[in-house]
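# Descriptive structure summary
Chain by chain, the residues:
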Amino acid sequence: MSPVRATADMTRLYFQNPLNPLTHTPFGRSMAAGCELIERMTRRYGKPEFGLGQTTVSGVKVPVREEIVWSKPFCNLLHFDRKLGAKQRKDPKILMVAPMSGHYATLLRGTVETLLPGADIYITDWIDARMVPLTDGRFDLDDYIDYLIEMLHFLGPDTHVMAVCQPSVPALAAAAVMEAHDDPFAPASLTLMGGPIDTRINPTAVNDLAEHKSIEWFERNVIMKVPFPQPGFMRDVYPGFLQLSGFMSMNLDRHVSAHHEFFQHLVTNDGDSAEKHRDFYDEYLAVMDLTAEFYLQTVDTVFIQHALARGTYRHRDELVDCGAIRRTALLTIEGEKDDITGRGQTRAAHDLCTGLGPDMQAHYMQPDVGHYGVFNGSRFRSEIAPRILDFMRTHWTRPETAPKAAAADAPVAEARKPAAKPAKASDPLAEVLLAKPRGVADDLTAITGVGPKLQTALNGAGIFHFWQIAALTDVQIAALDSRLDFRGRIDRDGWIEQARGLAAQPTAS
């Protein structure tokens, strides 16, 4: 396509030349717009930059330096070093594991940008397999887990791991392996976001493809050799453009509409809208190749055999037992409208981690977001990110001894139900109020009639969760009404019924 792309680009420049009289006509603008579409759809996009040169910490802008602090042939570990000067902060140290599924780590630029003011962030920057010479050896799912363990050893104790989508499985496996060996560098907490822990639950189109095709089919049809003159010449890879084609085909009408609108914006000289389209697709269309052995092992292990979910997965011939995780706190996050990782697939991690204590687990389902919205966008910034940081601060360090495990059949939300705040026996609220939330506090503003001010008042009184409001008796309602001067609005607005419905949802935090 290179000759076609070059011709289209020259034609575009011809019809954008201000000396060309056709440039200022609808015909000329349409020709230029069409040629730009052709050039962009046939271009091979280079690796984008993070471009996070500064952040705001406690209201003060500080410079950020991006540096490689650890390196292997298939991955660099990037550190976003906030130059805080003498005013150092004790923020959570996060190892953010970017997905190795075709896109570069810069897909998480917005994720990093959101968390950077309140966390010390390191991120895995996976290297395009076509850029790695054959002499550097293989890279499969076992190597992926080994990389994560080595990174955790490098970063030291009390590191919090945050895995987005695909790396949820190897991150959970790495934590299990480290806990089984009583490794002191096992993560303090593990946050899994939209990850395919058990793809038998609410399978999506991605899962169905793997279910209906054999591993030999994938090997015959999607594995190719890197062509000359790339550094990885003759390496077997799963090309990034095939992965991208698969994702785009799931929402083809949306992408076609976006490009049609882009064409219209170019013709009408709507520069701002056209630039937004360019910014998004420059990132979305930048793809990398994966090693064939990593891709095939992932498809076979995660999507066909469901090995981790069934308890049969082996790392270096050692059975991975998620029940060994006893001191690494677990937070799972899902999107209500996720069409890549179905609802419940990530939450399944709690069923596997049978050794975790009840106060070491939390789950949150974000309403009205798809897969991308789980880790980026306005809902992530306002509702998901604060929960993640709060969970990490709650579980700042690994406990020296493992808390007592929850009952095997206990729901996650009930398993995190904390003990009551000590109070006088004469206080009817003694059995329901808490000194502080355990894990992530619920968003009480989801109850009609509760705004930010009332939520602050409730938190100040010791109410942080839906189950607390749902459990209120008539005597307790009267006592709370009197204490906070709600003037009967608990009954009037139906808080109890609403709270019971919210607390009963299986995805409630």
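Quick look at the structure, then. Everything quoted here is computed from the prediction, not taken from an experiment.

## Here we look at helix H10 (residues 271–284)
- With 14 residues, H10 extends 20 Å from end C-alpha to end C-alpha; this agrees with the ideal 20 Å at 1.5 Å per step.
- Considered for burial, the residues of H10 that qualify are Ala 274, His 277, Arg 278, Tyr 281, Glu 283 and Tyr 284.
- Turning to H10, the residues buried within the fold contact helix H2 (26–41), helix H3 (109–115), helix H8 (240–250) and helix H9 (252–267).

## Side note on the environment of His 465
- Position of His 465 among the secondary structure elements: in the loop between helix H16 (452–461) and helix H17 (466–470).
- Once the C-alpha coordinates of His 465 and Ala 499 are considered, the two residues, 34 residues apart in sequence, prove to be 8.8 Å apart.

## A short note on unusual backbone geometry
- Omega for the peptide link from Phe 228 to Pro 229 comes to 10 degrees, which places this bond in the cis form.
- Turning to its location among the elements, Pro 229 is positioned in the loop between strand S8 (224–225) and strand S9 (236–238).
- A positive phi angle, close to 60 degrees, is found at Asn 269, a residue other than glycine.
- Looking at where Asn 269 falls in the secondary structure, it is placed in the loop between H9 and H10.

## Considerations on the environment of Glu 67
- In this fold, Glu 67 is placed in strand S2 (residues 60–72).
- Residue class for Glu 67 comes out partly exposed when judged on its relative accessible area of 22%.
- When sequence neighbours within four positions are dropped, the list of residues in contact with Glu 67 reads Leu 77, Leu 78, His 79 and Asp 81.

The rules we used
- Residues numbered from 1 in each chain as written.
- Predicted model: local features only at pLDDT ≥ 70, side-chain atom pairs only at ≥ 80, totals over all residues.
- Heavy atoms only, no water.
- Helix = DSSP H or I, 4+ residues; strand = E, 2+ residues; numbered from the N terminus.
- Expected span 1.5 Å × (residues − 1).
- Buried < 20%, exposed > 50% of the residue type's maximum accessible area, 1.4 Å probe, protein only.
- Contact = heavy atoms within 4.5 Å.

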